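# Topology and contacts: notes
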Amino acid sequence: MQLLKDRIRKDGTVKAGNVLKVDSFLNHQIDVELLEEIGKEFARLFKGVRCTKILTIEASGIAVACVAARYFNNVPVVFAKKSQSINLEGDSYVTKIESFTHKRVYDVIVSKKYLSSDDHVIIIDDFLANGCALMGLADIVKSAGATIEGIGIVIEKGFQNGGQIIRDMGIPLHSLAIVKSMDDKTGTVTFMDEE
Ligand code: 5GP
């Protein structure tokens, strides 16, 4: 998605440790107009795909998922919560996710009330790096007996292996911008489908 790639080049900053900061339009301050375009693009890419729910993970996925839902017949958005204490009451699906940016493991929960075997789920998130977040969300969908219809990612870091893992699982994955390389010394970002 050219608009997004242009924006990453203009306003994104590259930090040491392979972290791309996009706080000025996606992860802290949010450009809602850009999110509208992102939502429309996901709807175009997943046209004709059955979707009863969008699943994401707090915090940064929520805004993207909510705007996207407007273009998926206003299906409900469910976000997985990062739980401080393990909730073992049996009323939630629980999985563990290792955070790429914070380098720690979270228990992540979704209430059984909001995901069932009847659901056809599109997972949406802001970033794909090593795939831990998506593997956790996929695990939750599997626990619910629901169907994963596809995954939509705003920014995939193509030099990390999460995308490969998800594609090898046969899950349709659409990433709107795939970063090929980035350099924290020069601030240069290159994308997959460009020279
Ligand atoms: P993964 O689980 O695929 O390794 O990482 C995905 C999650 O880590 C995303 O939900 C996102 O919040 C965070 N993340 C991974 N890489 C980056 C990055 O380069 N920049 C930002 N802002 N977040 C990232």
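Residues numbered from 1 in each chain as written. Predicted model: local features only at pLDDT ≥ 70, side-chain atom pairs only at ≥ 80, totals over all residues. Heavy atoms only, no water.

## Quick notes on the overall build of the chain
When you go through the chain residue by residue, the secondary structure sums to six helices and 10 strands. Taking 195 residues into account, the globule formula puts the C-alpha radius of gyration at 16 Å, and the chain, at 16 Å, falls close to it. Expressed as lengths along the three principal axes of its C-alpha atoms, the size of the chain is roughly 50 × 35 × 35 Å. Relative to its full complement of 195 residues, the chain shows a buried share of 47%. Surface summary for the chain: the accessible area is close to 9,800 Å², and the carbon and sulfur share equals 49%. Averaging the positions of the 24 positive and the 26 negative side-chain charges in the chain gives two centres separated by 2 Å. (Helix = DSSP H or I, 4+ residues; strand = E, 2+ residues; numbered from the N terminus. Rg over C-alpha atoms; globule rule 2.2 N^0.38 Å. Buried < 20%, exposed > 50% of the residue type's maximum accessible area, 1.4 Å probe, protein only. Areas by Shrake-Rupley, 256 points an atom, 1.4 Å probe, with all protein chains shown as cover. Lys, Arg positive; Asp, Glu negative; His and termini not counted. Charge placed at Lys NZ, Arg CZ, Asp CG, Glu CD.)

## A word on the nonpolar core
Within the largest apolar cluster, 34 residues are counted, with the highest numbers of intra-cluster contacts made by Leu 4, Leu 20, Ile 38, Phe 42 and Phe 72. Those elements giving two or more residues to this core turn out to be helix H1 (2–11), helix H2 (23–27), helix H3 (32–45), helix H4 (60–69), strand S7 (120–128), strand S8 (147–157), strand S9 (173–182) and strand S10 (189–191). Those residues in contact with Leu 20 that lie beyond four places of it in its chain are Ile 8, Thr 13, Val 14, Phe 127, Ile 155, Val 179, Met 182 and Val 189. In terms of nonpolar packing, the next biggest core, distinct from the first, is built from 24 residues, Val 78, Ile 123, Leu 134 and Ala 144 among them. (Core = buried A, V, L, I, M, F, W, Y, C linked by side-chain atoms within 4.5 Å. Contact = heavy atoms within 4.5 Å.)

## Points about the site of the ligand
Close contacts around the ligand come from 16 residues, with Leu 20, Asn 130, Gly 131, Ala 133 and Lys 157 the closest. Residue Ala 129 places a main-chain N or O atom 2.8 Å away from an oxygen atom belonging to the ligand. At a separation of 2.7 Å, an oxygen atom of the ligand approaches a polar backbone atom of Gly 131. For the ligand, the protein covers 89% of the area, taking 500 Å² as the surface of the free molecule. Looking at the shell around the ligand, the elements with two or more residues in it are strand S2 (19–21), S7 and helix H5 (132–144). Broken down by element, the shell around the ligand gets its largest block of residues, four residues, from S7. In terms of residue class, the shell around the ligand is built from eight nonpolar, five polar and three charged. (Near = heavy atom within 4 Å. Polar contact = N/O pair within 3.5 Å; in protein donor to acceptor, adjacent residues only side chain to side chain. Nonpolar A, V, L, I, M, F, W, Y, C, P; charged D, E, K, R; others polar.)

## Observations regarding H1
Of the positions making up H1, those classed as buried are Leu 4, Lys 5 and Ile 8. Seen from one end, H1 has its buried residues packed into an arc of 100 degrees, which puts them on one side. Buried-residue contacts for H1 involve S2, H2, H3, S8, S9 and S10. (Arc of directions from axis to C-beta.)

## Examining the pairing of S9
Note: S8 against S9, six bridges, orientation parallel. Its bridge partner lying in S9, Ile 153 is registered against Ser 175. In this structure, S9 lies alongside S10, joined through three bridges in antiparallel fashion. Bridge pairing in S10 places Val 179 opposite Phe 191. (Pairing = 2+ DSSP bridges.)

## Examining the sheet that holds strand S4 (residues 77–83)
The strand order across the open sheet formed by eight strands is S5-S6-S4-S3-S7-S8-S9-S10, and the pairing between neighbours is mixed. Both edges of this open sheet fall to strand S5 (92–98) and S10, since each of them pairs with a single strand only. Neighbour-to-neighbour, the strand axes of the sheet open up by a mean angle of 30 degrees, direction not taken into account. Of the strands in this sheet, S7, S8 and S9 are in contact with H3, which crosses S9 at around 120 degrees. The strands touched by H5 within the sheet are strand S3 (53–57), S4, S5, strand S6 (105–111), S7 and S8, with S5 carrying the most contacts at an inclination of about 165 degrees. (Axes fitted to C-alpha atoms, helices over the stretch in contact; angles between N-to-C directions.)

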